[in-house]
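# Residue-level structural notes
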Amino acid sequence: MRIDEILAFNERFVEQTHLPTIGHTPRRQMAVVTCMDCRLVQMFEQALGLERGDVLELRTAGATISEEEREDGANDLIRSLAGGIYLLGVREVAVIGHTHCGLAHANSTALIASMQALGVDPQKLIAQEELGDTQGLLRWLGAFNDVHVNVREVVNVIRRSPYLPKIPVHGLVIDIITGKLETVDRG
Ligand SMILES: [Zn+2]
């Protein structure tokens, strides 16, 4: 199991490293929302010039909120931002999607085959959760076609949420190959 490699590494890490003690309020009073993509690990912070303790980082599949959860603005992302704003002093938010995202142009045939191979019946799930059809399954997953459109939509869900105060919310896209940021919507 991969977890054994991680545990072995961690034993050496704590022996060799002494981490400075820092507070839990983000120094830059900022939260960034991005994708879970593994290519963003380390590269994301380096490209943005972020150090430990600088910002809150929230990652979701596709840096998005699934369609079913957008309506009332009370989803898990909003809950996390509310915690960051009211309890940890966040005063600015940036939603940062990325090029070549796995959630963009997700293929329903591949999704269904993968679920079946892992013993989950997609049709049963669609009926049970009232998703309608395989497109509904993709919507539940948060799949999208255009990263720029998706970033704008997520920015708007955050701006409109009755749970959050009026603070700047920006939308950007990061190039997964070069690390270059593009501003889509400046809050
Ligand atoms: Zn992604």
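Structural notes, computed from the coordinates. Just so we're clear, the structure is a prediction, and the values are computed from it rather than from any experiment. Each chain carries its own residue numbering, running from 1 in the direction its sequence is written. Totals for whole chains, interfaces and linings use every residue, but because this is a predicted model, local features are given only for residues with pLDDT of at least 70 and side-chain atom pairs only at 80 or more, for both listing and counting. Hydrogens and waters are ignored; side-chain quantities use all the structure's heavy atoms.

### Details of the nonpolar core
What counts here: In this description, a nonpolar core means a group of buried Ala, Val, Leu, Ile, Met, Phe, Trp, Tyr and Cys residues linked to one another through side-chain atoms lying within 4.5 Å. The cut-offs for exposure are 20% and 50% of the maximum accessible area for each residue type, with area from a 1.4 Å probe on protein chains only; residues under the lower value are buried, those over the upper are exposed, and the others partly exposed. Per the convention used, a helix needs a DSSP run of H or I reaching at least four residues, while a strand needs a run of E reaching at least two, with both numbered from the N terminus. Contacts: residue pairs with any heavy atoms within 4.5 Å of one another.
Ranked by internal contacts, the top residues of the largest apolar core, which has 43 residues, are Leu77, Leu81, Val93, Val95 and Ile158. Of all the elements in the fold, those that place two or more residues in this core are β1 (30–35), α2 (43–48), β2 (55–60), α4 (76–88), β3 (92–98), α8 (147–160) and β4 (169–174). Residues in contact with leucine 77, not counting those within four places in the same chain, are Val33, Leu58, Thr60, Ile65, Val154 and Ile158. Counting residues in hydrophobic clusters, the runner-up holds seven residues, among them Ile112, Met115, Leu137 and Leu138.

### Here we look at the packing of helix α5 (residues 108–117) against helix α7 (residues 134–141)
Quick note on the threshold: Angles run from 0 to 180 degrees between N-to-C directions of axes, and those axes are lines fitted to C-alpha atoms, restricted for helices to the stretch in contact. Roughly parallel here means an angle under 35 degrees, roughly antiparallel means over 145, roughly perpendicular means 65 to 115, and every remaining angle is called oblique. In the scheme used here, Gly and all other residues not listed as nonpolar or charged are polar, with Ala, Val, Leu, Ile, Met, Phe, Trp, Tyr, Cys and Pro taken as nonpolar and Asp, Glu, Lys and Arg as charged.
For the pair α5 and α7, interaxial distance at closest approach is 10 Å and the crossing angle is 85°. Here α5 is positioned roughly perpendicular relative to α7, judged by the angle of their axes. Facing Ser108, Leu111, Ile112 and Met115 of α5, the residues of α7 in contact are Thr134, Gln135, Leu137, Leu138 and Leu141. A per-class count over the contact of α5 with α7 returns six nonpolar, three polar and no charged.

### Considerations on the sheet that holds β3
Here is the rule: Paired strands, as defined in this entry, are two strands with at least two bridges between them according to DSSP.
Taken in spatial order, the five strands of this open sheet run β2-β1-β3-β4-β5, and their pairing is mixed. Across the chains shown, the open sheet's two edge strands, defined by having one partner strand only, are β2 and β5 (181–185). Across the sheet, the axes of successive neighbouring strands diverge by a mean angle of 25°, strand direction being ignored. Taken together, the six bridges between β3 and β4 define a ladder with parallel strand orientation. Counterpart to isoleucine 96 in the pairing with β4 is leucine 172.

### Points about the packing of aromatic side chains
The test is simple: Working definition: rings of Phe, Tyr and Trp (its six-membered ring) pair if their centres are within 6.5 Å, and the pair is stacked with planes under 30 degrees apart, edge-to-face with planes over 60 apart, and tilted otherwise. Two conditions define a charge located above a ring, namely a distance within 6 Å from the ring centre to NZ of Lys or CZ of Arg, and an angle within 35 degrees of the ring normal.
Across all of its chains, the model carries zero aromatic pairs by this definition. Between the NZ or CZ atom of arginine 59 and the centre of the ring of phenylalanine 44, over which it lies, the distance is 5.8 Å.

### A closer look at the pairing of β1
Selection criterion: For crossovers, right-handed means that the path from the first strand over the helix to the second runs clockwise, given strands pointing away from the viewer.
Among the six residues in β1, six count as buried, and that is most of the element. What joins β1 to β2 is α2, and the crossover it makes is right-handed. By the bridge criterion, five bridges tie β1 to β3 in an arrangement that is parallel. The partner of threonine 34 across the bridge, within β3, is isoleucine 96.

### Here we look at the pattern of salt bridges
Keep this limit in mind: Any Lys or Arg side-chain nitrogen found within 4 Å of a carboxyl oxygen on Asp or Glu counts as a salt bridge.
Counted by the stated rule, this structure contains eight salt bridges. Salt-bridge contacts for glutamate 45 lead to arginine 59; the nearest nitrogen and oxygen are separated by 3.6 Å. You can see glutamate 45 sitting in helix α2 and its partner arginine 59 sitting in strand β2, a full 14 residues away along the chain. In the salt-bridge network here, residues are joined through shared partners; they are Arg27, Arg28 and Asp54.

### Concerning α5
An α-helical segment advances 3.6 residues per turn. Residues three or four places apart therefore align on the same side. What counts is decided by this rule: This arc is built from the directions going out from the helix axis to the C-beta atoms. Within 3.5 Å is the distance limit for a polar contact, defined as a pair of N or O atoms, with the added protein rule that one can donate a hydrogen and the other accept it, and that residues adjacent in sequence qualify only through two side-chain atoms.
Listing the buried residues of α5 in full gives Ser108, Leu111, Ile112 and Met115. Down the axis of α5, the smallest arc covering the buried residues is 95°, so these residues share one side. Every exposed residue of α5 that faces more than 90 degrees away from the buried side is listed here: Thr109 and Ala117. Taken together, the buried residues of α5 touch α6 (122–128) and α7. At the N-terminal boundary of α5, the capping side chain belongs to asparagine 107, with an oxygen 2.7 Å from the backbone nitrogen of threonine 109. Phi turns positive, to about 80°, at glycine 119, one or two residues after α5.

The values are spatial; any link to function lies outside them.
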